[in-house]
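What follows is the residue order along each chain.
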Amino acid sequence: MGGLQPWHWVIVIAVFVLLFGAKKLPDAARSLGKSMRIFKSEIKEMQADSKQDDTSTPQATPIASERVEGATPAPEQPSDKRPA
């Protein structure tokens, strides 16, 4: 009762052939297979990249403040704007 029986598949295939035609179905299946291969390769590449990042990422170290006590401030840059 829970699964599709063989005669269900026959009806589904017949509907696809009627909707898309016999000429377009092989092209559609070919493009679907190509898309699935691309998707799988991208997933594998993402997994490989995440594993590399996990092993090559050093531990974060806190950054010291860039402000130095007693230092003189940088001179102000002249602007190109002139009064009208």
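Residues numbered from 1 in each chain as written. Predicted model: local features only at pLDDT ≥ 70, side-chain atom pairs only at ≥ 80, totals over all residues. Heavy atoms only, no water.

The name given to the protein chain in an unreviewed UniProt entry is Sec-independent protein translocase protein TatA, with Mycolicibacterium holsaticum as the source organism. Recorded in UniProt under Sequence similarities (unreviewed entry), the annotation for the protein chain is "Belongs to the TatA/E family." If you open the UniProt record of the protein chain and go to Function (unreviewed entry), you find "Part of the twin-arginine translocation (Tat) system that transports large folded proteins containing a characteristic twin-arginine motif in their signal peptide across membranes. TatA could form the protein-conducting channel of the Tat system." (UniProt positions renumbered as here; feature names shortened; annotations may be inferred.)

1. Considerations on the overall build of the protein chain
A count of helices and strands for the protein chain gives two helices and zero strands. Summed over all atoms, the accessible surface of the protein chain reaches about 8,900 Å², with 62% contributed by carbon and sulfur. (Helix = DSSP H or I, 4+ residues; strand = E, 2+ residues; numbered from the N terminus. Areas by Shrake-Rupley, 256 points an atom, 1.4 Å probe, with all protein chains shown as cover.)

2. Thoughts on a nonpolar patch on the surface
A contiguous nonpolar patch, built from Leu4, Trp7, Trp9, Ile11, Val12, Ile13, Val15, Phe16, Val17, Leu19 and Phe20 and spanning about 1,100 Å² of accessible area, is present on the exposed surface. Mapped onto the secondary structure, Ile13 falls in helix α1 (residues 6-20). (Patch = residues over 30% accessible without salt bridge, like charges linked within 9 Å, V, L, I, M, F, W, Y side chains within 5 Å. Salt bridge = Lys/Arg side-chain N within 4 Å of Asp/Glu carboxyl O.)

3. Things to note about the packing of aromatic side chains
Under the criterion given, the structure shown has one aromatic pair. Ring geometry for Phe16 and Phe20: centres 5.8 Å apart, planes at 15°, overall stacked. Placement of both Phe16 and Phe20 in helix α1 is noted, with a separation of four residues, approximately one turn of the helix. Phe16 sits in the partly exposed class, given a relative accessible area of 41%. A relative accessible area of 44% means that Phe20 is categorised as partly exposed. (Phe/Tyr/Trp six-rings, centres within 6.5 Å; stacked < 30°, edge-to-face > 60°. Buried < 20%, exposed > 50% of the residue type's maximum accessible area, 1.4 Å probe, protein only.)

4. Topic: α1
Between the first and last C-alpha of α1 there are 21 Å, a value that for 15 residues agrees with the 21 Å anticipated at 1.5 Å per step. One or two steps after α1, the chain reaches Gly21, where phi turns positive at roughly 85°. (Expected span 1.5 Å × (residues − 1).)

5. Notes on a negative patch on the surface
Side chains of Glu42, Glu45, Asp49, Asp53 and Asp54 sit close together on the surface and give a patch of like negative charge. With respect to the helices and strands, Asp54 occurs in helix α2 (residues 24-56). (Lys, Arg positive; Asp, Glu negative; His and termini not counted. Charge placed at Lys NZ, Arg CZ, Asp CG, Glu CD.)

6. Notes on the environment of Gln5
When you line up the elements, Gln5 lands in the segment before α1. Here the side chain of Gln5 touches Trp7 through a polar contact of 3.1 Å, side chain to side chain. (Polar contact = N/O pair within 3.5 Å; in protein donor to acceptor, adjacent residues only side chain to side chain.)

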